[in-house]
Each structure stands twice: as C-alpha cells, then as structure tokens.
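Here's the letter readout for the chains.
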Amino acid sequence: MAAATASAASSQVAALKRQNDLQITYSNYKNTLQQLAGKIGEVEQEAEEHKLVLDSLSGVPEDRKCFRLINGVLVERTVGDVVPALETNAAGLKSVLEGLVKEYKKKQEEMDEWKAKNNIQVVNS
C-alpha cells in the first residue's frame, strides 16, 4: 500500500514538473516573439523616417545645405552628400527588416509545431 502511494506521489510530482517546464517553454516562445515584434516595429519606424526624408529631399537642389544627425552630433552637409547615404541606410534597413520578419515567422512556426507536438491549447481568460 505504501509503495502505491509513493509511486502515485512521484508520478504527480513528475506531472507537475512537466507542466511547469511546458509553461516556461511557452513563456520563452512568447517573450521571444514579443521582442522580435518590437524590433520589427522599431526598424519599420526607422525605414519610414528615411523614406520621409528622402521624399522631402527629392526636389531639392544638390548643392543646398542640409543637416544630418550623426551619432548625436548635428553635421552640416549638402543634399548631394546626404541622399546617397540615406539611400544606403534605407536599403540596409529594408534587408534587416526582411531578416527579422523571416526570423519571426520561423520562430512562430517552431512554436506552433511545439504546441502541436505537446498538445498545448491556449486558454484566454
């Protein structure tokens, strides 16, 4: 009788540990996805700012002076100097954004597979 009680208690402890491990893993997936979504939002905002500046400078003569913030220092340049740098930065932001979106989708698929494998059902309260 005591052996049956001990094995029941140990199986209950094991079930609780498994449940706790699953909750921790789920929380880790959710946190990672939230962090990636935040980064995607930041990069999208930066790209939009670059686009707005490029649109503003599109009809401006190349020899006109403009100002650019570089590492917290406002620097005087000409439009001809600034536009190529902005275009390069905008292209870089676009590629970073594509990479982050791919990473987000991959992590989401990984989480969905993990949920299916472990028969996880999310209950929203």
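Residues numbered from 1 in each chain as written. Predicted model: local features only at pLDDT ≥ 70, side-chain atom pairs only at ≥ 80, totals over all residues. Heavy atoms only, no water.

You'll find the chain entered in an unreviewed UniProt entry as Prefoldin beta-like protein, with Ascodesmis nigricans given as the organism. The record in UniProt for the chain states the following under Sequence similarities (unreviewed entry): "Belongs to the prefoldin subunit beta family." (UniProt positions renumbered as here; feature names shortened; annotations may be inferred.)

How should the environment of leucine 33 be read in this particular structure?
Of note, leucine 33 is situated in helix H1 (residues 2–57). The class of leucine 33 is buried, set by a relative accessible area of 5%. The spatial distance from the C-alpha of leucine 33 to the C-alpha of glutamine 108 is 7.3 Å, given a sequence separation of 75 residues. Apart from residues no more than four positions distant in its own chain, leucine 33 is found in contact with Tyr104, Lys107, Gln108 and Met111. (Helix = DSSP H or I, 4+ residues; strand = E, 2+ residues; numbered from the N terminus. Buried < 20%, exposed > 50% of the residue type's maximum accessible area, 1.4 Å probe, protein only. Contact = heavy atoms within 4.5 Å.)

So what exactly am I meant to see when it comes to helix H2 (residues 79–117) here?
Along its 39 residues, H2 runs 56 Å from first to last C-alpha, staying within 8% of the 57 Å computed at 1.5 Å per residue. For H2, the full list of buried residues reads Val79, Val82, Val83, Leu86, Leu93, Leu97, Leu100, Met111 and Trp114. Where H2 terminates, the next one or two residues include asparagine 119, which has phi positive at roughly 55°. (Expected span 1.5 Å × (residues − 1).)

What is the right way to read the environment of glutamate 48 from this model?
Along the chain, the position of glutamate 48 falls in helix H1. What makes glutamate 48 partly exposed here is its relative accessible area of 40%. Along the sequence, glutamate 48 and valine 75 sit 27 residues apart, while their C-alpha atoms lie 22 Å from each other.

Is there a simple way to explain the side chain of asparagine 118 in this structure?
Mapping asparagine 118 onto the fold places it in the segment after H2. Accessibility expressed as a relative area gives 15% for asparagine 118, which makes it buried. Each residue touching asparagine 118, except ones within four places of it in the same chain, is listed here: Arg18 and Leu22.

Looking at this structure, I do not really get the UniProt feature "coiled-coil region" (unreviewed entry) in the chain. What am I missing?
Under the feature "coiled-coil region" (unreviewed entry), the UniProt entry names residues 26–53 and 90–117. What you have in residues 26–53 is 100% helix and 0% strand, and the ends, taken at the C-alpha atoms, are 41 Å apart. In residues 90–117, helix accounts for 100% and strand for 0%; the two terminal C-alpha atoms are 40 Å from one another.

Explain the nonpolar core to me, please; I cannot follow it from the model alone.
Buried together is how nonpolar side chains tend to be arranged in soluble globular proteins. By size, the foremost hydrophobic cluster in this structure holds 8 residues: Leu54, Leu57, Val60, Cys66, Val79, Val82, Val83 and Leu86. Every element with two or more residues in this core is listed here: H1 and H2. Element by element, the count of residues in this core is highest for H2, at 4 residues. Residues within four places of valine 82 in sequence aside, it is in contact with Leu57, Cys66, Arg68 and Arg77. Residues Leu36, Val43, Leu97 and Leu100 belong to the second largest nonpolar core, which totals 6 residues. (Core = buried A, V, L, I, M, F, W, Y, C linked by side-chain atoms within 4.5 Å.)

Would you explain the confidence of the model for the chain in this entry?
Any segment with low pLDDT has predicted coordinates that should not be analysed in fine detail. Put simply, the chain has an average pLDDT of 91, and 95% of its residues get 70 or more. When the elements of the chain are averaged for pLDDT, H1 gives the smallest value, 89, and H2 the largest, 96. (pLDDT = per-residue confidence, 0-100.)

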